[in-house]
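So you can see what is in the structure, the chains are spelled out below.
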Amino acid sequence: MTTIRRFCCNDLLRFASVNLDHLTETFNMSFYMTYLARWPDYFHVAEGPGNRIMGYIMGKVEGQGESWHGHVTAVTVAPEYRRQQLAKKLMHLLEDISDKIDKAYFVDLFVRASNTPAIKMYEKLGYVIYRRVLRYYSGEEDGLDMRKALSRDTEKKSIIPLKRPVTPDELEYD
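Thresholds applied
- Here the residue numbering is sequential within each chain, running from 1 through the sequence in written order.
- A pLDDT threshold of at least 70 governs which residues receive local features in this predicted model, and a stricter bar of 80 or more applies before side-chain atom pairs are shown or counted, although totals over entire chains, interfaces and linings include all residues.
- Processing note: side-chain calculations cover all non-hydrogen atoms of the structure and skip hydrogens and water entirely.
- Every helix listed is a DSSP run of H or I at least four residues long, and every strand listed is a run of E at least two residues long, numbered separately from the N terminus.
- Three exposure classes are used, based on accessible area relative to the maximum for each residue type with a 1.4 Å probe and protein chains only: buried under 20%, partly exposed in between, and exposed over 50%.
- Only heavy atoms enter the contact rule, under which two residues are in contact if any of them lie within 4.5 Å.
- UniProt positions are given in the numbering used here, feature names are shortened, and annotations may be inferred rather than shown by experiment.
- Throughout this description, the term salt bridge denotes a Lys or Arg side-chain nitrogen within 4 Å of a carboxyl oxygen of Asp or Glu.
- A helix is expected to span 1.5 Å multiplied by its residue count minus one.
- When DSSP finds at least two bridges between two strands, those strands are taken to pair.

Below, the discussion takes up the environment of Asp102. Within the secondary structure, Asp102 is located in the loop between α2 (86-101) and β5 (106-112). The exposure class assigned to Asp102 is partly exposed, which follows from its relative accessible area of 23%. Along the chain, Asp102 and Leu144 lie 42 residues apart, while their C-alpha atoms are 24 Å from each other. Sequence-distant contacts of Asp102, that is, excluding residues within four places in its chain, are made with Tyr42, Val61, Trp68 and Ile97.

Listed below in structure tokens is the structure:
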């Protein structure tokens, strides 16, 4: 049985094995602590039998006006727990919080342009490629900014793709 619950400080000492995947971005402890303190509603863990961490999602809410949105900073599932729809459940949780509690217009995320399995999963969840961000990852690999409109964006303006790629310094938010 899987339990999805809020991430807590103790989890920081227990989730390293989930981050071993080469496609998972890892951050320093203060980064995780900032998210835990500022956006606790956007930081959840999937826990399995024996209190094993199976995966997690962390995000935030940011922007102004029609750019007010939920952002997925990281979502990852340990290899041995993939293909059980855990990422889908975690994504839906963040989308629901963004939509129903924070009344955001959309949810966005960045994914490596080479990460085809993740891109396909996000597309199945209703995300579209909004724009390409040149050299987003470590100044080397392009990232794709993918978005999903929420109920507040009745005209779906937030997901109209840009016609040209952008550079990281052109992004509105961190």
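Moving on from the model shown.
Right, let's talk about the UniProt feature "domain: N-acetyltransferase" (unreviewed entry) in the protein for a bit. The feature "domain: N-acetyltransferase" (unreviewed entry), as annotated in UniProt, sits at residues 2-151 in this numbering. Across residues 2-151, helical content stands at 23% and strand content at 36%; the span's end C-alpha atoms are separated by 29 Å.

All right, on to the pattern of salt bridges then. Scanning the entire structure with this criterion turns up 14 salt bridges. The residue Arg14 makes a salt bridge to Glu47 at a minimum N-O spacing of 3.3 Å. Of the two residues, Arg14 sits in the loop between β1 (3-6) and α1 (29-38) while Glu47 sits in strand β2 (residues 43-47), which places them 33 residues apart along the sequence. The partner of Glu62 in a salt bridge is Lys60, and the shortest N-O contact between them spans 3.4 Å.

Compared with the 22 Å implied by 1.5 Å per residue over 16 residues, the 22 Å span of α2 between its first and last C-alpha is a close match. Among the residues of α2, Leu86, Ala87, Leu90, Met91, Leu94, Glu95, Ile97, Ser98 and Asp99 are the ones counted as buried. Of the residues trailing α2, Lys103 is marked for its positive phi of about 55 degrees.

Attention now goes to the pairing of strand β6 (residues 128-137). Of the pairings in the sheet, the one linking β6 to strand β7 (residues 141-149) comprises six bridges and is antiparallel in character. Looking across to β7, one finds that Val128 is bridged to Arg147. Count of turn residues in the β6/β7 antiparallel hairpin: three residues, of which Ser138 carries a positive phi of about 55 degrees.

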